[in-house]
Amino acid sequence: MCSSRLKFSKQSSGGGSSGRGLSSKARAKTTTALNVYGRRAHESVLEEEAPQKLGFKTFPGQAFPFGASQVENGINFAIFSQHATAVTLCLSLPQGGKFERPDGEMIEVALDPKVNKTGDVWHICIEDLPRDDVLYGYKIDGPRDWRQGHRFDSSIMLIDPYAKLVDGRRFFGDASHKLSKFYGTYDFDSLPFDWGDNYTPPNIPEKDLVIYEMNVRAFTADKSSGLDPNIRGSYLGVIEKIPHLLELGVNAVELLPVFEFDEFEFQRRPNPRDHLINTWGYSTINFFAPMNRYASRGGGPRNASWEFKEMVKALHDAGIEVILDVVYNHTNEADDKNPYTTSFRGIDNKVYYMVDLNNNGQLLNFSGCGNTLNCNHPLVMELILDSLRHWVIEYHVDGFRFDLASVLCRGTDGSPLDAPPLIRAIAKDSILSSCKIIAEPWDCGGLYLVGKFPNWDRWAEWNGKYRDDIRKFIKGDSGMKGSFATRVAGSADLYKVHKRKPCHSVNFVIAHDGFTLRDLVSYNFKHNDANGEGGNDGCNDNFSWNCGFEGETDDHSIKALRFRQMKNFHLALMISQGIPMMLMGDEYGHTRYGNNNSYGHDTSMNNFQWGLLDAEKSSHFRFFSEAIKFRQTHQVFTSDNFLSKKDVTWHENNWDNQESKFLAFTLHDKNGGDVYLAFNAHDYFVKVSIPPPPPKRRWLRVVDTNFESPDDFIPQGLPGIGSTYNVAPYSSILLEAKLT
C-alpha cells in the first residue's frame, strides 16, 4: 500500500454512468465510502487512510501505459506532467444506475511524489474499482509563473489526455446542461465488438477514391431525414442513409471531427458569439474519445463507442471507406484572455502548447484559435501517434485528413521544419502504413505548403490551388486556361517529384469551410452577419460569381445558368486526375444563403435537407451521380502516373491568349475508348472541330451541360456527332469513342 490519501470533495458533475451495476462486493464498498463521506461533506478538510475507512486498497501503480488501464490487481491510472508539483486523482463512482451523480461528490486521491511518480509520470493503482462507469479526472498544481509558460490551477478538474471515453452532457445542444463538465471514463466490462467472421475493410486504392465530406450530425439531424428522433444526428443515423451514398456513387466518407468536443463552448460567457452552437467540431477536448452526443438516445460514451463501430462496419460492408478529419493543431482551451481549461493547459501548458518565452510566456497562435499544440515535442508527438493508432486498431478507420497540417510542421518554438519528426513518424508508422493520410497544407500563420508538404512519398494534400484555379476558369476569368489544364491533368507542377503520383492531389472545388457549390454560383460576397463577428470571419477570396444577381432569385435564366455552372464544376472535378472530394449537400444544391463560415449553426443552414434532395433526384442529383459513376468506370480519369503525350492530346495552339476561355482535349484509352472534353467559359457559343475518333469507333455524346435533364447526361451515349460541335456559353461537353 502506498501513502496516497483519499479525501472527499464537492465537484459539479455534468457526467454520469450509463447504468451498469456493480458487483455486490464493489457496491458494498462504494456504498460504505459514500456513506462515510456523505455524513461529513460539510467539513472543509477530511482525510482518512483509504483501506481502513473506504475499503479501497491502493498500490504505487505503473507509469505505462498512460491513461486508465486494467491490471491484475485493479485499475491503474498514469498521467504525464513534467512540471507538476502535486497531482490528485478524482473519482466519481456509479450510483444505482442513475445518470447524475448525487451532489456531484467526488473522491480525491492525492498522489505521493515519492511513491506515485516515475520520472515525469504520475501513477497509482486502485484495487476493486468498478470495471466501467467510473468518472475520473485530475487536479494538478505546479509553478504559477505565466512568464515561464505555466498555467497551473489546482481548483480545476482536468480530463486525462489518454481517457478513451469522455462523459458529460448526453444530448447534443441540451441547454439545461450547457455548463456541464467533462470527465474521463473507461469500459473494461463490455465484450469486444464483433466485426464479423467475413469482415474485411474495402482497401480502395487511393487513385480510385471519390470522397464525400460530411458531418455526422448534420447528415440526419433534420426532420426531413424521416428517421426516428432518437437516432437523428447520430452514428446510427449515418447507417440508415448508406443507400443514399451508394446511389450517389461515392466510396469514401470524410467525417468532420468526431472526437469529443463541447458544442456550447461559445456560450460559456457573454460575447458576440454566445448564440452559436459549434456543429463542425474543430475544437477537440480529447483525442481518443468519440463524440458521445453522437450516440443515439443520449446513450453516453460507451454506446457512442459501440455505435461508431457499428457505423464503420456498415460503411465497410457497403464498400465505403471512413476517413476522419482530425484536429491536432489546437484544442478547445482557447487563449489566455478567455481560457477554457479542461485538460492540457492545466496538466502542463508549457509541454502541450507552443509558448513564446521571449514574450512573457504567451501562447503562440498559428491555428487562429488561440493556442497551438506543441506537436513536435516528443511527448505530444507520441500522444498524437497513440491517438491515430487507437482509431485504426479500435475503430478500424481507413485514414485521416489533418486540419491545418502545416502546424504539424513547426518546431517547439513555432519555426518551420524541413523534416518534421511527427510528419515522418506518421508516414513511417507500421500501424498507420495502410492508412490514407491527407494534409490540409496551410495554417493561420502563413505556412502555405501546397505542393511542398513534407511527404515521404506518402502524404496526400488538399490541393488549394486546384480549388482556386478551377473556380477562376469556370467562372470566366481571363488567363486561366493553362492553369485549368494543369489542374485537371493532375497538377504535375506541384506533385511530380520523387515518387509522388496524381493521387497525392486531393482535388476539390467545395469544402465545409467556404461557400457551398450553390452559393459559389449565387453570391459574389460572403454574408456572415449571423456569426456574430461583424462579417470579419470567413474567407474574402472566394473566386465566386453570382451569375448576375446576388442571392436567391426567381429569374429563370439566372437559375438555369447557375445550375449549368454547378454541373460544369462537378464535371471538371470528376474528370480530373487525382482524388476528387465533394461536399455533403452539393448533390442537391444546398445553400447556406451566402454564409461561408457556418460552423456555429445547428440549423437547416448546415443540416442536410432530404426534402430538397427528393425534389432534385431526377435532375441535379442525377447528373452528379452519373458523373461519379462514369469516372469510376473509366480508367482514363484515374491514371497511376502523370499524363504523358500518349495519354492526352491538347487541342490547343493558343495557350498564350489571355482572353481565350475555351479548352478542349482528348484522353486516350489504351483500348480505344477515348474521351473528348471541351469546356467553354466564354459568354458566347464556340464552334469547335471534333478530332477523328480511333479506328472502328465513333463519338457519342455523353454530357452537354447546356441541356436539361435527362439530356445533359446520357450514360450510354447519343450518336450523331459530326466533325464540329457548337459548345454553348458557360457549358461543357464529354464525348466517348465507342465501337461502331
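Everything below is about the structure printed above this text.
I will try to describe carefully the structure that is included in this document. (Residues numbered from 1 in each chain as written. Predicted model: local features only at pLDDT ≥ 70, side-chain atom pairs only at ≥ 80, totals over all residues. Heavy atoms only, no water.)

Considerations on the overall build of the protein chain
The secondary structure content of the protein chain amounts to 16 helices and 30 strands. At 28 Å, the protein chain has a C-alpha radius of gyration in line with the 27 Å of a compact globule built from 740 residues. With respect to the principal axes defined by its C-alpha atoms, the protein chain has extents near 95 × 55 × 50 Å. Looking at the protein chain residue by residue over its 740 residues, the buried ones come to 62%. When the accessible surface of the protein chain is split by element, carbon and sulfur atoms take 48% of a total near 27,400 Å². For the protein chain, the separation between the mean place of its 81 positive charges and that of its 93 negative charges on side chains is 1 Å. (Helix = DSSP H or I, 4+ residues; strand = E, 2+ residues; numbered from the N terminus. Rg over C-alpha atoms; globule rule 2.2 N^0.38 Å. Buried < 20%, exposed > 50% of the residue type's maximum accessible area, 1.4 Å probe, protein only. Areas by Shrake-Rupley, 256 points an atom, 1.4 Å probe, with all protein chains shown as cover. Lys, Arg positive; Asp, Glu negative; His and termini not counted. Charge placed at Lys NZ, Arg CZ, Asp CG, Glu CD.)

Digging into the packing of helix H10 (residues 464-474) against helix H14 (residues 556-574)
Direction vectors running N to C along H10 and H14 enclose 140°, while the axes themselves pass 11 Å from each other. If you check the angle between H10 and H14, you find them oblique. Pair H10 / H14 crosses with right-handed handedness. Residues Tyr466, Ile470, Arg471 and Ile474 of H10 form the contact with H14, whose participating residues are Gln565, Asn568, Phe569, Ala572 and Leu573. (Axes fitted to C-alpha atoms, helices over the stretch in contact; angles between N-to-C directions. Parallel < 35°, antiparallel > 145°, perpendicular 65-115°, else oblique. Left-handed = near helix turned anticlockwise from the far one by under 90°. Contact = heavy atoms within 4.5 Å.)

Structural notes on the pairing of strand S9 (residues 121-126)
Along S9, six of the six residues are buried, which leaves the element largely enclosed by surrounding structure. Neither face of S9 is exposed, since Val121, His123 and Cys125 on one face and Trp122, Ile124 and Ile126 on the opposite face are all buried. Bridge analysis of strand S3 (residues 58-59) against S9 gives two bridges, and the strand direction is antiparallel. From the neighbouring strand, Phe59 faces S9, where its bridge partner is Cys125. Relative to S9, strand S5 (residues 74-80) is paired through six bridges, and the arrangement is antiparallel. Residue pairing for S9: Phe77 is matched across the bridge by Ile124. In the sheet, strand S8 (residues 117-118) pairs with S9 via two bridges, with the strands oriented antiparallel. The residue of S9 that forms the bridge with Thr118 is Val121. The hairpin turn running from S8 into S9, its antiparallel successor, is two residues long, and Gly119 in that turn takes a positive phi close to 65°. (Pairing = 2+ DSSP bridges.)

What to know about the packing of aromatic side chains
Evaluated as defined, the whole model comprises 49 aromatic pairs. With centroids separated by 5.0 Å and ring planes inclined at 40°, the aromatic side chains of Phe287 and Tyr328 adopt a geometry described as tilted. Of this pair, Phe287 sits in the loop between strand S14 (252-255) and helix H6 (300-317) while Tyr328 sits in the loop between strand S15 (321-326) and helix H7 (344-352), and the two are 41 residues apart along the sequence. You can call Tyr328 buried: its relative accessible area is 1%. Relative to Trp391, the ring of Phe308 lies with its centre 5.4 Å away and its plane at 65°, an arrangement referred to as edge-to-face. With Phe308 in helix H6 and Trp391 in helix H8 (residues 378-393), this pair connects stretches of sequence that are 83 residues apart. Under the relative-accessibility criterion, Phe308 is labelled buried at 0%. (Phe/Tyr/Trp six-rings, centres within 6.5 Å; stacked < 30°, edge-to-face > 60°.)

Coordinates in, geometry out; function isn't part of it.
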